[in-house]
Amino acid sequence: MTNIIEQPLVSYEIMSRADSAEGVLFTELINDKILIARHENLDNLVAAIQRLIGLGMIEIEPVNDEEDGKDYRLFLSKTGSSLLDRPHT
Amino acid sequence: VNNIVYPYLLEEKHVDLSGNNKILIQKTKHEPLFSSFADRDSLSQKIILEIAESPVLRQILFLKSKITYSVDTPNSLVVTYPFCMNPEYDFKSRLDDRQNYKNTMEKLEERLDKAGEMLANILASTMADSIEKFMDDPELSRLLKSRHQSTFNILEHMKKSVKENSEISKDHASKVNAFMNSAYEVQTMTRIKEYVQISEDAHKNSVAINQSVRLPQKSQEIIDGFSRFTKHVSLNTETLCLDCYFTDNKPPYHAQISNAKTIHLPEVCERCNGIGLIHKILLGYPSSVGKMLMPDSNWLQEIIIANSISNLNFVKEIFVHKKIHAVIDGKIEKGIESDITIITKDNKLILCEVTTQSDTNNIINEISRKAKNLEDAKIPYEKMIYFTSNDLSTFITVDPTKTRIFGIRHLYEIENFVKHWIAPEQAENKNQLVIS
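Residues numbered from 1 in each chain as written. Chains lettered and ligands numbered in written order. Predicted model: local features only at pLDDT ≥ 70, side-chain atom pairs only at ≥ 80, totals over all residues. Heavy atoms only, no water.

Observations concerning the overall build of chain A
Part 1 of the reasoning: A count of helical and extended segments in chain A gives 5 helices and 3 strands.
Part 2 of the reasoning: When its helices and strands are written in sequence order, chain A yields α-α-α-β-α-β-β-α.
Part 3 of the reasoning: Long-range contacts, defined here as pairs at least 24 residues apart, represent 48% of the contacts in chain A between residues at least 6 apart.
Part 4 of the reasoning: As displayed, chain A has an accessible area near 4400 Å², and 49% of this comes from carbon and sulfur atoms. (Helix = DSSP H or I, 4+ residues; strand = E, 2+ residues; numbered from the N terminus. Contact = heavy atoms within 4.5 Å. Areas by Shrake-Rupley, 256 points an atom, 1.4 Å probe, with all protein chains shown as cover.)

Observations regarding the overall build of chain B
Part 1 of the reasoning: Across its full length, chain B holds 15 helices and 15 strands.
Part 2 of the reasoning: In terms of overall dimensions, chain B is more spread out than a globule: its C-alpha atoms have a radius of gyration of 29 Å, far above the 22 Å expected for 436 residues.
Part 3 of the reasoning: Buried positions account for 52% of the 436 residues belonging to chain B.
Part 4 of the reasoning: Contacts in chain B between residues far apart in sequence, at least 24 positions, make up 67% of those at least 6 positions apart.
Part 5 of the reasoning: Total accessible area on chain B stands at roughly 20800 Å², and carbon and sulfur atoms take up 49% of it.
Part 6 of the reasoning: On chain B, the mean spot of the 54 positive side-chain charges and the mean spot of the 58 negative ones are 2 Å from each other. (Rg over C-alpha atoms; globule rule 2.2 N^0.38 Å. Buried < 20%, exposed > 50% of the residue type's maximum accessible area, 1.4 Å probe, protein only. Lys, Arg positive; Asp, Glu negative; His and termini not counted. Charge placed at Lys NZ, Arg CZ, Asp CG, Glu CD.)

Some points on the interface of chain A and chain B
Part 1 of the reasoning: Contact residues are listed per partner, giving 22 residues for chain A and 25 residues for chain B.
Part 2 of the reasoning: Interface of chain A and chain B: buried area, both sides summed, is about 2200 Å²; carbon and sulfur atoms make up 53% of it.
Part 3 of the reasoning: The largest contributions to the chain A side of the interface with chain B come from Gln50(A), Glu66(A) and Glu67(A), which together make up 29% of the buried area.
Part 4 of the reasoning: Seen at the junction of chain A and chain B, the total is 3 salt bridges.
Part 5 of the reasoning: Linking chain A to chain B there are 12 residue pairs in polar contact (both at pLDDT 80 or more).
Part 6 of the reasoning: Within the residue set of the side of chain A that touches chain B, elements represented by two or more residues are α4 (42-54), β2 (58-63) and β3 (71-76) of chain A.
Part 7 of the reasoning: The element that contributes the greatest number of residues to the side of chain A that touches chain B is α4(A), accounting for 8 residues.
Part 8 of the reasoning: Tallied by class, the residues present in the side of chain A that touches chain B amount to 8 nonpolar, 4 polar and 10 charged. (Buried area = accessible area lost by both parts, 1.4 Å probe. Salt bridge = Lys/Arg side-chain N within 4 Å of Asp/Glu carboxyl O. Polar contact = N/O pair within 3.5 Å; in protein donor to acceptor, adjacent residues only side chain to side chain. Nonpolar A, V, L, I, M, F, W, Y, C, P; charged D, E, K, R; others polar.)

Here we look at the packing of helix α5 (residues 138-145) of chain B against helix α6 (residues 151-164) of chain B
All names here are of chain B.
Part 1 of the reasoning: At a minimum axis separation of 10 Å, α5 and α6 run at an interaxial angle of 170 degrees. By the angle between their directions, the pair α5 and α6 is classed as roughly antiparallel. Residues Glu 139, Leu 140, Leu 143 and Leu 144 of α5 touch α6, and the partners they reach there are Ile 154, His 157 and Met 158. (Axes fitted to C-alpha atoms, helices over the stretch in contact; angles between N-to-C directions. Parallel < 35°, antiparallel > 145°, perpendicular 65-115°, else oblique.)

Quick word on the confidence of the model for chain B
If pLDDT is low for a region, its predicted coordinates should not be looked at in detail.
Residues and elements named next belong to chain B.
Part 1 of the reasoning: Per-residue confidence for chain B averages 90 on the pLDDT scale, and 96% of its residues sit at or above 70.
Part 2 of the reasoning: Confidence drops under a pLDDT of 50 for residues 432-436, and excluding neighbours within four residues, the segment shows 16 contacts in the predicted structure.
Part 3 of the reasoning: We note a pTM of 0.85 for the whole complex and an ipTM of 0.76 for its interfaces. (pLDDT = per-residue confidence, 0-100.)

Comments concerning the nonpolar core
Residue and element names in this part refer to chain B.
Part 1 of the reasoning: Residues Tyr 285 and Phe 387 are the most contacted members of the largest nonpolar core, which totals 80 residues.
Part 2 of the reasoning: The biggest single contributor to this core is helix α12 (residues 299-308), with 6 residues.
Part 3 of the reasoning: Within the second largest apolar cluster, 23 residues are counted, among which are Phe 319, Ile 343, Tyr 381 and Leu 392. (Core = buried A, V, L, I, M, F, W, Y, C linked by side-chain atoms within 4.5 Å.)

Description of the side chain of Asn298(B)
Residues and elements named next belong to chain B.
Part 1 of the reasoning: By secondary structure assignment, the location of Asn 298 is in the loop between α11 (287-290) and α12.
Part 2 of the reasoning: According to the relative accessible area criterion, Asn 298 is buried, its value standing at 11%.
Part 3 of the reasoning: Separated by 3.3 Å, the side chain of Asn 298 and the backbone oxygen of Val 354 make a polar contact.
Part 4 of the reasoning: Residue contacts for Asn 298: discarding those within four places in its chain leaves Val 354, Thr 355 and Thr 356.

Topic: the environment of Lys370(B)
Residues and elements named next belong to chain B.
Part 1 of the reasoning: Inspection of the secondary structure puts Lys 370 in helix α13 (residues 360-376).
Part 2 of the reasoning: What makes Lys 370 buried here is its relative accessible area of 6%.
Part 3 of the reasoning: In sequence terms Lys 370 and Glu 353 are 17 residues apart; their C-alpha atoms lie 9.2 Å from each other.

Right under this line is the structure:
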């Protein structure tokens, strides 16, 4: 959570609405910029991804996994990057 | 309620097939998302059954649509379907063929640019006026020149002066009318442009539905389908008439209906009597169903199709979104994801893939890839069915003994078409097109 707290503008927006999955997801995104979403509680993770898309903070790209169903690669969106003052990847 | 459909699996399952073949069915990593469908009385299960049992609703789920993920609303997700009740209304062709439509479109862009510029100018002049007024303020000049004043004090003085100096506020207020007029113009022009953009999908959706539900004569069937659905989802509609603007050169008819109990989809514009009414149908799903609608996934459609064909008398069990493995001499082979896995009463394996792809070439490529993966994984399947968003008038049999592709039209009479492919002796419809 440290990274989120260090970013006051985003932390207000995200933390005021967040459940734990959203916080974890966003922390990982801030650290890695791109990640394939994994979380022990998939229900919460999907809700978190959908909310972050709704807020315009992230973009996602489906990745085909023929054996075990689709994965999603997550990116900080242009809006998300600019709020965090980071280059858009 | 049918108990032979398994969207959620508690533990892996070994299945003995005919010809001494064996397979193992396992959960995929997405399994937790399907958990609410294990409870036969859950809201999500009720919604699924409502769609699965309605020929029109299950077709609508395969139409061209746009998903909006909302934040802090009761329905976490809204799917918008563009639609028009007259399949002959093709705005794009009119725009391509008619010079007056092209001229009107150019004028629309000009008006939008002009109104946008006006808004920017009003904002810029308001800001410039404020700066000028502040610069004329001797107290502010003194504060700015003083070395000992903090930024806080300067800002406090500026705020106080805005409150006390009614000139600044009055000056800004005098521009509100011009601002509102331009903002209204931007809103109206943007809305018309948006409907122009969705008109092509509205036409394609209308043509796709018209193959099985003749429009507008049979429109009541669509209205009834949606009316049953509103028990469980929120239904909003928004309608705009492009004929008003492009044919009659008038401000267009525009109507919004929120949280309706039944759907209102007029065929003819009450203002210009034209047929250019484009509808946006917005369905808001509760989160238990909304989570199945991730971008580029067809998980919701998979459960619906599985339920739609579960009453066929040759079906023993149906597994939704699972990983299946061939088991050869006790060895578990490589797994492969299967959208719908059907085990028939004579222990044959039928696989179904579900896609909202509509482009035939993409579908054929997807089939080739899947067929190769199934071969590599040594899966002993009898037949394969593809349910797609294609507006095919007749189904396509890609491989005369293995694979058949259905389009939106076939979802209407899904049981009969599936029967015809899997158990032809029971089917009524013999319509077919074979491409080897």
